[in-house]
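Overview (structure and organization)
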Amino acid sequence: MPQLNKLRTVLPGGRDGDTAAPSSARLRIALTVFFALDGFVFAGWVVRIPAVKHQTGASASTLGLALLGVSAGAVITMMLTGRLCRRFGSPAVTVVCAVLLSLSISLPAQTHSALALGLVLLLFGVAYGGTNVAMNSLAVDLVAALRRPVMPSFHAAFSFGGMAGAGLGGLVAGSLSPATHLSLLAGTALLVTALTGPALLRNRHAAEPPARKSVPASAPGTASAPASAPRIDGGARRTVVLFGVIALCTAYGEGALAEWGALHLTQDLHAGPGPAAAGYSLFALTMAIGRLSGTTLLERLGQTRTLVAGGATAAVGMLFGALAPTVWLALAGFALAGLGLANIFPVAVGRAGALTGPSGVAAASTLGYGGMLVGPPVIGFLADWLSLPVALTTVTLLAAVAAVLGYAARGATQPPAAE
């Protein structure tokens, strides 16, 4: 039987017969760093939103409109990024978007009006969305090359990077101005990109699935042209949309808890500032832990059972989080919801990418990001109409929907490689 992580290939500048395992390992480490950097940069910006709001003199409503620039920029660029990945390769697009992300993070602190803030956040959203699609596209290829379900480990790096960025940002918020903090963040991100980017580009061939590697480099017309994509039929497109809706259900819950979890604990359960702040922190921590164990979980249970079990666990957890009569039961529910939602998004994006490549990653990511965008406003509307605890039960409903759709998509497989 072939050794799973010893795929033999001929790398540029290497000797015939070298194994791909060392370069695959280096590529995995480099890609993990980029996922962590993405979460670190985004969280660093989020913790400075109140200071930037004060600096620009924006009201709550105008700040909300300005913040939509991030979402709008990300959604606009996500589908385009899928095409760029097919044209130039996911590693190159990842590095370029990471440079743009690093540069754009310093701009919000230089603005003094809501309009200017919205415009620079549009650019930030373009970089953020492009980076996410390119990284996930490369991760899908690397998973196929390694033949191990390691996608959750990359998303765990994103979660831990976000926790580190938020924690560090909170520590320096009292001593550094937003301009200084975000400029230092930009410089750090550029340095990490400069140090890690070459490893991503040098070892890019390690992420090529075996079917592509079998094509001789000297074959006519294959030296510089990208590998042809598998033909995508209507059934594959519908399945990609299905996985995109699963990702949407997960992201809806993340957005809802990020925006409304602390308010629910303080307003409805009369929690103090400490326990209220701990709500989302517990959710993020258990999500990161769940993603760290995601590879083992996928290897033992398989993708379908992981999706179903995750959705069911999140539904039960969020039911407690929304309707529990005490703070500590609600916190336990938030933690359980984080464990349940942890691996649904990476599995959904990974399966969409396995079906149709970067375009599948882009479609699923766009739908998922849409869920994070619409979640908080929907919760707010329902809270005004009914109550916040009842509104938060929609997270339970969508988690259950994700479990049902995950089971419905159990027959989806990767299409055969193009001849």
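Residues numbered from 1 in each chain as written. Predicted model: local features only at pLDDT ≥ 70, side-chain atom pairs only at ≥ 80, totals over all residues. Heavy atoms only, no water.

Structural notes on the overall build of the protein
Defined as follows: Here a helix means four or more residues in a row that DSSP labels H or I, a strand means two or more in a row labelled E, and each is numbered from the N terminus. Relative accessibility under 20% of the residue-type maximum defines a buried residue, over 50% an exposed one, and the middle range a partly exposed one, all with a 1.4 Å probe and only protein chains included. A contact between two residues is defined here by any heavy atoms of the two lying within 4.5 Å. Only the protein chains shown count as covering a residue, and every accessible area follows the Shrake-Rupley method with a 1.4 Å probe.
Of the regular secondary structure elements, the protein holds 16 helices and zero strands. The 419 residues of the protein split such that 50% are buried. Considering only intrachain contacts with a sequence separation of at least 6, the fraction spanning at least 24 residues in the protein is 83%. Taken as a whole, the protein presents about 18500 Å² of accessible surface, with 68% of it coming from carbon and sulfur.

As for the pattern of salt bridges
Which entries qualify depends on this criterion: Any carboxyl oxygen of Asp or Glu that lies within 4 Å of a side-chain nitrogen of Lys or Arg is treated as forming a salt bridge with it.
Per the stated rule, a full pass over the model turns up two salt bridges. The residue glutamate 299 makes a salt bridge to arginine 148 at a minimum N-O spacing of 2.8 Å. Of this pair, glutamate 299 sits in helix α11 (residues 294-301) while arginine 148 is found in the loop between α5 (114-146) and α6 (151-172), placing the two residues 151 residues apart along the sequence. With relative accessibility at 43%, the residue glutamate 299 sits in the partly exposed group.

Examining helix α7 (residues 178-202)
Convention followed: By definition here, a helix of n residues has an expected span of 1.5 Å times n minus one. We define the bend at each residue as the angle formed by axes fitted to the 7 residues ending at it and the 7 residues starting at it.
Across its 25 residues, α7 extends 36 Å between first and last C-alpha, which sits within 8% of the 36 Å expected from 1.5 Å per residue. The sharpest bend along α7 comes to roughly 35 degrees, located at threonine 196, with the proline proline 198 sitting one to four residues further on.

Considering the packing of aromatic side chains
Definition in use: Each pair of aromatic rings taken from Phe, Tyr and Trp, with Trp reduced to its six-membered ring, is defined by centres within 6.5 Å and is described as stacked if the planes are under 30 degrees apart, edge-to-face if over 60, and tilted in the remaining cases.
Tallying each qualifying case throughout the model produces five aromatic pairs. An angle of 25 degrees between the planes, with centres 4.7 Å apart, marks the rings of phenylalanine 42 and tyrosine 128 as stacked. Residue phenylalanine 42 is found in helix α1 (residues 21-46), and its partner tyrosine 128 is found in helix α5; the two are separated by 86 residues along the sequence. Taking relative accessible area as the criterion, phenylalanine 42 reaches 23% and is therefore assigned partly exposed.

A look at unusual backbone geometry
Look at arginine 147: it is not a glycine, yet its phi comes out positive at around 60 degrees. Here arginine 147 shows up in the loop between α5 and α6. Taking relative accessible area as the criterion, arginine 147 reaches 40% and is therefore assigned partly exposed. With a phi angle near 60 degrees, histidine 270 is a residue other than glycine that sits in the positive phi range. Its location among the elements puts histidine 270 in the loop between α9 (234-267) and α10 (273-292).

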